[in-house]
Amino acid sequence: METLRKRIRVKTDVKEPIPLNDSLENQPLSPVARMFHEPDSNVYIIAIIGGKTKINPEVVKERLPHTLLRHPRFSSLQVADEKNGGRLIWVPTKVNLDDHVIVPELDPNSNDSPDKFVEDYVSNLSKNRIKMSMPMWDLHLLNLKTSDAESVGVFRIHHSLGDGASLMSLFLASTQKVSNPEELPTLPLFKKVNFSNSSGGFWGKLIKLWLVMSLFWNTLVDVVMFLATAFKLLGDTKTPLKGTLETGSNPRRIVHRSVCFDDIKLVRNAMGSTINDVMLGITQAALSRYLNRKYGESNKIDEGSSERSNNLPNNICLRATFFINIRPIPGIPELADMMKKGTKAKWGNQIGYLIYPFTIGLRDNPLDYLREAKATMDRKKKSLEALFSYFFAKYFLKFCGMKLASFPSQTTLWFSNMPGPQEEISFYGHPVAYLAPSCYGQPNGLMIHVVGYANKMTFVLSVDDGIIPDPHQLCDDLEESLRIIKRAVITGGLVKKDVN
């Protein structure tokens with residue numbers, strides 16, 4: 001997959017509301033959007049935005065009506081239509097910004113640990129839900145200096161309003177490059193490899209036949225495993241990371257850790273892999289380190305010894321619900337394209353998911369984590385599992401009801417990876433230090449979200465405190481895993497010239 005650069009073209013000074021493909025009024029929520037309202041998966045997106053300057057709330061309130069509120073879903077209620085069995089429909093309403101923009105009064109001198117204060121503030125948000133008597137989003141502005149920002153903004157948006165690609169595209173409508181405010185931010189554009197023109201003749205047809213047969217077989221195997229997981233016939237090993245179904249309603253603690261994007265690209269180029277492969281390899285290594293330490297502690301082995309010895313049980317089954325953008329156009333589409341009638345990159349929850357198995361174990365060669373992750377993802381790319389999961393939810397919900405169409409609760413974690421702007425940006429004139437999006441309400445004790453921004457890649461963890469009381473330790477393991485893998489690449493003489 002080739003990575004290019006794409007400039008996001010979004011008009012932020014339009015006088016007419018951005019149109020959806022059809023009139024939103026009285027339209028029903030999509031099946032996936034309805035799934036995000038289920039008790040065991042009533043999911044909210046939390047987007048934490050660190051600012052390099054103090055936030056001016058009046059500027060934010062002044063600009064919101066010209067950007068965010070021009071999208072009908074941010075100015076519509078979700079109302080039960082009693083005439084159609086109580087299904088939820090979109091009903092436009094007038095938005096009172098005072099109900100949505102919250103600016104708590106903070107005394108900077110009273111907070112001994114501002115980072116902990118922000119963590120607790122976000123955790124408290126996860127304890128409650130937004131009332132359905134108002135559009136289901138709010139924005140919290142915290143003028144509090146932390147270790148990595150001068151201020152913090154927290155968007156909370158119910159997942160029924162849209163998926164990560166939709167919301168990232170809309171967010172970028174409100175941003176400009178810091179280096180040149182007249183220019184719009186750029187994102188990676190992923191160009192899919194076209195195998196149809198790769199070869200011809202007898203051998204070309206034979207290769208295509210083999211690819212089709214592989215696609216069919218891989219999809220069949222993945223669908224069987226997917227259904228076994230969805231119907232709770234197959235579950236993950238009970239580990240210190242594994243939660244129960246009730247975790248969806250528990251509060252979450254959301255923490256993040258940024259690493260250097262250049263280090264990620266160095267490993268990618270050396271191993272001939274993708275950014276996604278590298279992030280999965282790092283995650284696999286970190287989960288192995290974390291669990292090895294936990295099992296050592298449970299066996300009452302001192303901390304130093306537990307990290308040096310192998311304390312992991314054999315054959316741990318640890319899988320992630322890995323969310324995939326199923327739009328035909330990969331990456332983050334331009335907002336204008338998402339709003340066009342008949343577009344292939346339409347707004348909404350256009351996401352499927354696949355069951356991704358992590359191989360847990362200690363490796364003598366750290367690069368084996370990457371090789372295993374790449375092999376697994378290469379195999380998953382030759383399958384239609386993600387598309388199947390989307391249409392399974394859509395039609396199973398239609399014919400069998402909501403109770404049977406839900407996100408799998410048998411996996412250990414949710415995982416998501418999203419590209420971000422390649423240059424530093426400003427939000428309503430406020431330069432952004434970092435982006436850290438995540439979720440709460442999912443039926444797992446752990447979610448790992450990875451997002452790129454400028455020269456950083458950020459791991460964002462959403463954890464159930466009762467299951468993972470030390471999320472910063474897991475962040476340390478992610479950072480240390482990257483360091484070890486990078487060192488292995490360099491000492492192994494695998495470093496290639498960085499072409500990106």
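Structural notes, computed from the coordinates. Note that this is a predicted model, so its numbers are computed, not measured.

On to the overall build of the protein, then. Counting its regular elements, the protein contains 13 helices and 17 strands. The buried share among the 500 residues of the protein stands at 54%. Considering only contacts within the protein whose residues lie at least 6 apart along the sequence, 80% involve residues at least 24 apart. Surface summary for the protein: the accessible area is close to 22,600 Å², and the carbon and sulfur share equals 56%.

Core analysis: the largest hydrophobic core is formed by 80 residues, its most contacted members being Ile46, Ile48, Leu64, Phe74, Trp137, Phe155 and Phe171. Residues within four places of Phe155 in sequence aside, it is in contact with Ile45, Ile46, Ala47, Ile49, Leu68, Asp138, Leu139 and Phe427. Core analysis: the next-biggest nonpolar cluster, separate from the first, contains 49 residues, Leu241, Leu312, Leu367 and Leu413 among them.

A word on the sheet that holds strand β8 (residues 175-177). Taken in spatial order, the seven strands line up as β5-β6-β7-β2-β15-β14-β8 in an open sheet, and their pairing is mixed. Two strands close off the open sheet at either side, each with one partner strand: β5 (101-102) and β8. The pairing of β5 with strand β6 (residues 137-142) spans two bridges and is classified as parallel. Bridge assignment links Ile102 to a residue of β6, and that residue is His140. Its contacts with the sheet put helix α5 (residues 164-172) on β2 (44-51), β7 (151-158), β8, β14 (425-427) and β15 (430-440), and the angle it makes with β14 is roughly 85°.

Moving on: the pairing of strand β12 (residues 351-358). Burial analysis of β12 places seven of its eight residues in the buried class, the great majority of the element. Relative to β12, strand β11 (residues 318-325) is paired through eight bridges, and the arrangement is antiparallel. Directly across from Leu318, in β12, lies its bridge partner Phe358.

With that settled, the discussion passes to unusual backbone geometry. Look at Asn315: it is not a glycine, yet its phi comes out positive at around 60°. Inspection of the secondary structure assignment puts Asn315 in the loop between α9 (303-308) and β11. Phi at Ala454 is positive, roughly 55°, even though this residue is not glycine. Residue placement: Ala454 occurs in the loop between β16 (446-453) and β17 (456-463).

Take the packing of helix α7 (residues 261-271) against helix α8 (residues 275-298) next. Contact pair α7 / α8: the axes reach a minimum separation of 9 Å and the direction vectors enclose 100°. Judged by the inter-axis angle, α7 sits roughly perpendicular to α8. Counting all contacts with α7, which are made through Phe261, Ile264, Lys265, Val267 and Arg268, the residues of α8 involved are Ile275, Val278, Met279 and Ile282. Considered class by class, the residues forming the contact of α7 with α8 number seven nonpolar, no polar and two charged.

Turning to the side chain of Asp277, a few remarks are in order. On the secondary structure map, Asp277 appears in helix α8. Here Asp277 sits buried without a salt bridge, and the closest side chain of opposite charge, Lys374, lies 4.1 Å off (N-O distance). With residues up to four places along the chain from it excluded, the contact list for Asp277 reads Ala373, Lys374 and Met377.

Enumeration according to the criterion identifies 27 salt bridges in this entry. Notably, a salt bridge pairs Arg293 with Asp477, separated by 2.8 Å at the nearest N-O pair. Highlighted residues: Arg293 in helix α8 and Asp477 in helix α13 (residues 471-491), separated in sequence by 184 residues. For the pair shown, Arg293 and Asp477 are each scored as buried. Residue Asp378 is joined to Lys374 by a salt bridge in which the shortest nitrogen-to-oxygen separation is 3.2 Å. In this pair, Asp378 and Lys374 are both assigned in helix α11 (residues 367-381), four residues apart and thus about one turn of the helix distant. One network of salt bridges, with partners in common, ties together Lys116, Glu119, Asp120, Arg253 and Asp465.

Here is what the cut-offs are and how they apply
Residues numbered from 1 in each chain as written. Predicted model: local features only at pLDDT ≥ 70, side-chain atom pairs only at ≥ 80, totals over all residues. Heavy atoms only, no water. Helix = DSSP H or I, 4+ residues; strand = E, 2+ residues; numbered from the N terminus. Buried < 20%, exposed > 50% of the residue type's maximum accessible area, 1.4 Å probe, protein only. Contact = heavy atoms within 4.5 Å. Areas by Shrake-Rupley, 256 points an atom, 1.4 Å probe, with all protein chains shown as cover. Core = buried A, V, L, I, M, F, W, Y, C linked by side-chain atoms within 4.5 Å. Pairing = 2+ DSSP bridges. Axes fitted to C-alpha atoms, helices over the stretch in contact; angles between N-to-C directions. Parallel < 35°, antiparallel > 145°, perpendicular 65-115°, else oblique. Nonpolar A, V, L, I, M, F, W, Y, C, P; charged D, E, K, R; others polar. Lys, Arg positive; Asp, Glu negative; His and termini not counted. Salt bridge = Lys/Arg side-chain N within 4 Å of Asp/Glu carboxyl O.

Honestly, that's just the spatial picture; any functional story needs more than this.
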